[in-house]
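Spelled out from the first residue to the last, the chains are:
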Amino acid sequence: MEITSKQVLKGLNVLSWIIFIGVCVRTGGYIFNTIFLLTTNPFGAHYFWEGADLSRLLAFDQGYFIVMALLMIIVSVMKALLFYCIIKILHDKKLNMDKPFNKEISSLIFSLSYISMAIGLFSGWAAGYSEWFIKKGVLMPSLESMHVDGNGAWWFIAIILFVIGHIFKRGIEIQAENELTV
């Protein structure tokens, strides 16, 4: 049995939806818990989200807690935006296998590159911020539990997508030249 590219794209579409929904749930949890902890129950910071215990940071300073929560929210929103862009291109059926080099795909690849770069930037900022708290004696949860780890990997992905975007841009130029010569 041979798996076609159409079947692979359908599978990737389903996988993208699953990841998108999961990241949206996480983002909503971060936003809700931040507002809830600041307005109603500051003692619930032990269970901020998925094992991220930010209670010591909240006890240390509420403003610093807000900044760290905002960094976590920004990273999570950008991850959701990344998968939204992928879902949009797969759903709108702008991916034409007969002529794969088109402006929509090129634009998408550059957008994904910029979003990945922003995720790397904000993840790095959150990691540095967390290290700064640790130096001040505040016990912080791991970067993995706050979902802001891997900033180097996000930069790497951004650079790869940027290169692929330029390859697609050149492919569009060659495709346009070939159409003119025919």
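Remember, predicted model here, so these are calculated numbers, not experimental data.

Draft legend 1. Main features of the environment of Phe 32. Note on placement: Phe 32 falls in helix H1 (residues 5-39). Among the residues examined, Phe 32 registers a relative accessible area of 53% and is labelled exposed. As for Phe 32 and Ser 142, which are separated by 110 residues in sequence, their C-alpha atoms are 21 Å apart.

Draft legend 2. Highlighting the nonpolar core. Residues Leu 54, Leu 57, Met 68, Met 72, Phe 133, Met 140 and Met 146 are the most contacted members of the largest nonpolar core, which totals 40 residues. Residue assignment for this core shows that the elements contributing at least two residues are H1, helix H2 (55-60), helix H3 (62-91), helix H4 (103-135) and helix H6 (151-181). The greatest single-element share of this core, amounting to 14 residues, is contributed by H3.

Draft legend 3. Region of interest: the environment of Ile 119. Here Ile 119 lies in helix H4. A sequence separation of 34 residues divides Ile 119 from Ala 153, and the C-alpha atoms of the two residues are 9.9 Å apart. Those residues in contact with Ile 119, other than ones at most four positions away along the chain, are Val 75, Met 78, Lys 79 and Trp 154.

Draft legend 4. A look at a nonpolar patch on the surface. A surface patch of nonpolar side chains, amounting to about 420 Å² of accessible area, comprises Ile 3, Val 8, Leu 12, Leu 15 and Ile 19. Secondary-structure assignment places Leu 15 in helix H1. Residue classification places Leu 15 among the partly exposed positions, given a relative accessible area of 44%.

Draft legend 5. How the structure looks around the packing of H1 against H3. Closest axis-to-axis distance for the H1/H3 pair is 8 Å, and the angle between their directions is 160 degrees. Here H1 lies roughly antiparallel to H3, going by the angle between them. H1 and H3 meet at a crossing whose hand is left-handed. Tallied by class, residues from the contact of H1 with H3 come to 23 nonpolar, 6 polar and 2 charged.

Draft legend 6. Representation of the side chain of Thr 27 in the model. Turning to its location among the elements, Thr 27 is positioned in helix H1. What makes Thr 27 buried here is its relative accessible area of 8%. Apart from residues no more than four positions distant in its own chain, Thr 27 is found in contact with Ser 76 and Val 77.

Each value, and the rule that gives it
- Throughout this description, residue numbers start from 1 for each chain and increase along the sequence as written.
- Only residues with pLDDT of 70 or above have their local features reported here, since the model is predicted, and side-chain atom pairs are shown and tallied only from 80 upward, although totals for entire chains, interfaces and linings are computed over all residues.
- To get the side-chain values, all heavy atoms of the structure are used, and hydrogens and water are removed first.
- The helix and strand labels rest on DSSP assignments: H or I over at least four residues marks a helix, E over at least two residues marks a strand, and numbering proceeds from the N terminus.
- Burial classes: relative accessible area under 20% of the type maximum marks a residue as buried, over 50% as exposed, and values in between as partly exposed (1.4 Å probe, protein chains only).
- What makes a nonpolar core is a set of buried Ala, Val, Leu, Ile, Met, Phe, Trp, Tyr and Cys residues whose side-chain atoms join them at distances within 4.5 Å.
- Two residues qualify as a contact provided that any one of their heavy atoms is within 4.5 Å of a heavy atom in the partner residue.
- Exposure above 30% relative accessible area and no salt bridge define the residues that can form patches, which grow by joining like charges within 9 Å and nonpolar side chains of Val, Leu, Ile, Met, Phe, Trp and Tyr within 5 Å.
- The protein chains shown are the only cover counted for residues, whose accessible areas, like all others here, come from Shrake-Rupley with a 1.4 Å probe.
- For this analysis, a salt bridge means a side-chain nitrogen from Lys or Arg found within 4 Å of a carboxyl oxygen belonging to Asp or Glu.
- To define axes, lines are fitted to C-alpha atoms, for helices over the stretch in contact only, and angles between the resulting N-to-C directions are given on a 0 to 180 degree scale.
- Between 65 and 115 degrees an angle is taken as roughly perpendicular, under 35 as roughly parallel, over 145 as roughly antiparallel, and anywhere else as oblique.
- When the near helix sits turned anticlockwise from the far one by under a right angle, the crossing is termed left-handed; a clockwise turn instead gives a right-handed crossing.
- Throughout, the ten residues Ala, Val, Leu, Ile, Met, Phe, Trp, Tyr, Cys and Pro are labelled nonpolar, Asp, Glu, Lys and Arg are labelled charged, and all others, Gly among them, are labelled polar.

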